[in-house]
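# A look at the structure
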Amino acid sequence: MRFLLNAEQRAFAGSLDAMLTAADTPSVVRDWSRGEHGSGRALWGRVADAGVFGLAVPEEYGGLGPRPVELVVAFVELGRHAVPGPLVETVAAAVLLAGLEDAGPAKRLLPALASGEAMATVAYEGSYALDGDVADTRLALASDGLRLAPGHGPVRRSLDPARRLTPLTAGGELLTDAPPLGPALVHARLATAAQALGVGLALLDRTVAYVGQRTQFGVPVGSFQAVKHRLADAKIALEFARPLLFGAALTLEPADAAAAKVGACEAAYATARTALQLHGAIGYTAECDLSLWLTKARALRTAWGGPRECRELVVSGGGRRW
């Protein structure tokens, strides 16, 4: 099946690409990694003004959604530019809150998420939440249901320096004893897969440009047949992941979302390995912007379900509790 974006969706992607290109996201990512959130929050506001978070929030709460296809389009661009912050977690939180039987928490919390005034994170109580130190809404999946965590513990660094992890404080307001985990997990995996696809595309573009400039034996490295084969393999893997991603956005089936996550994340991870090899020693340095995408590709691979868990779900064809 071939998926083609319509003119409106292409224009949306193009406007996000232009905005994020002008934002100098590598410097924003480095600020975020140091715990300096000013530039990241400013960028978050511009992303929200473009309507990205509203795509996961129903209209009655100030959003534009749910519009999963457009959400995927947006997250590909966010991944392409390595935008930091609890992006996927805010989407998951929005879906969780919108699905509650009691509309009170949704009316209270969702408008701020849609407008970008607030960020959200989600994690099991006792585990680590992404960017819990900067999130305004912290949802904890506790043994007795979904709680609004009152705070967070110390920040821990992860493989991706821009993904700052914190434990959530136990207790807090109980929002529901039966949270709608299934839809939230599907949207989280879709957004993660889209982000990974964007990361892979950025890595491929940067590597193609680099091997066209780097020379050995008086000729560009990119002219070597072995290099062309590696890049072609990366390109094919990324393009094969694209229909899985948009197909899952149309069906919203758990197995389809899991397949999309495996396809996109494995393609991005393989592209990262190729990019690192073809860049040589410079690819290992934190000073090189390439590292911002390399570490993100590795981290997204296991976020919201690793390859083994997602493959098992695809084979079983069913859903599993997150």
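Higher on the page you've got the structure.
Only a predicted model underlies this, so the values are computations on that prediction, with no experimental measurement involved. (Residues numbered from 1 in each chain as written. Predicted model: local features only at pLDDT ≥ 70, side-chain atom pairs only at ≥ 80, totals over all residues. Heavy atoms only, no water.)

### Some thoughts on the pattern of salt bridges
Applying the stated criterion to the full structure yields 17 salt bridges. Note that Glu-36 and Arg-34 form a salt bridge whose closest N and O atoms lie 3.5 Å from each other. Note on Glu-36: relative accessible area 42%, which makes it partly exposed. On the accessibility criterion, Arg-34 (52% relative accessible area) is exposed. Notably, a salt bridge pairs Asp-144 with Arg-147, separated by 2.6 Å at the nearest N-O pair. (Salt bridge = Lys/Arg side-chain N within 4 Å of Asp/Glu carboxyl O. Buried < 20%, exposed > 50% of the residue type's maximum accessible area, 1.4 Å probe, protein only.)

### A few points about the nonpolar core
Judged by nonpolar contacts, the single largest core of 99 residues is most densely connected at Val-52, Phe-75, Leu-139, Leu-203 and Leu-245. Among the elements that take part in this core, helix H7 (residues 181–213) stands out by supplying 17 residues, more than any other. The contact partners of Val-52, leaving out residues within four places of it in the chain, are Phe-12, Leu-16, Val-47, Leu-71, Ala-74, Phe-75 and Leu-78. Counting residues in hydrophobic clusters, the runner-up holds five residues, among them Ala-129, Ala-140, Ala-149 and Leu-168. (Core = buried A, V, L, I, M, F, W, Y, C linked by side-chain atoms within 4.5 Å. Helix = DSSP H or I, 4+ residues; strand = E, 2+ residues; numbered from the N terminus. Contact = heavy atoms within 4.5 Å.)

### Quick notes on the pairing of strand E4 (residues 145–148)
Walk down a regular strand and you will see the side chains alternate between the two sheet faces. Examined bridge by bridge, strand E3 (residues 137–142) and E4 share four bridges and lie antiparallel to one another. Looking across to E4, one finds that Ala-142 is bridged to Gly-145. Taking the residues that link successive antiparallel strands as the turn, the E3-E4 hairpin has two residues. Sheet topology places E4 next to strand E6 (residues 173–176); three bridges connect them, and they run antiparallel. Across the sheet, Leu-148 pairs through a bridge with Glu-173, a residue of E6. (Pairing = 2+ DSSP bridges.)

### Some remarks on the sheet that holds E4
Across the sheet, four strands lie side by side as E1-E3-E4-E6; this open sheet has mixed pairing. The open sheet has two edge strands, strand E1 (120–124) and E6, and neither has a second partner. For this sheet, the mean inter-axis angle between neighbouring strands, taken without regard to orientation, is 30°. (Axes fitted to C-alpha atoms, helices over the stretch in contact; angles between N-to-C directions.)

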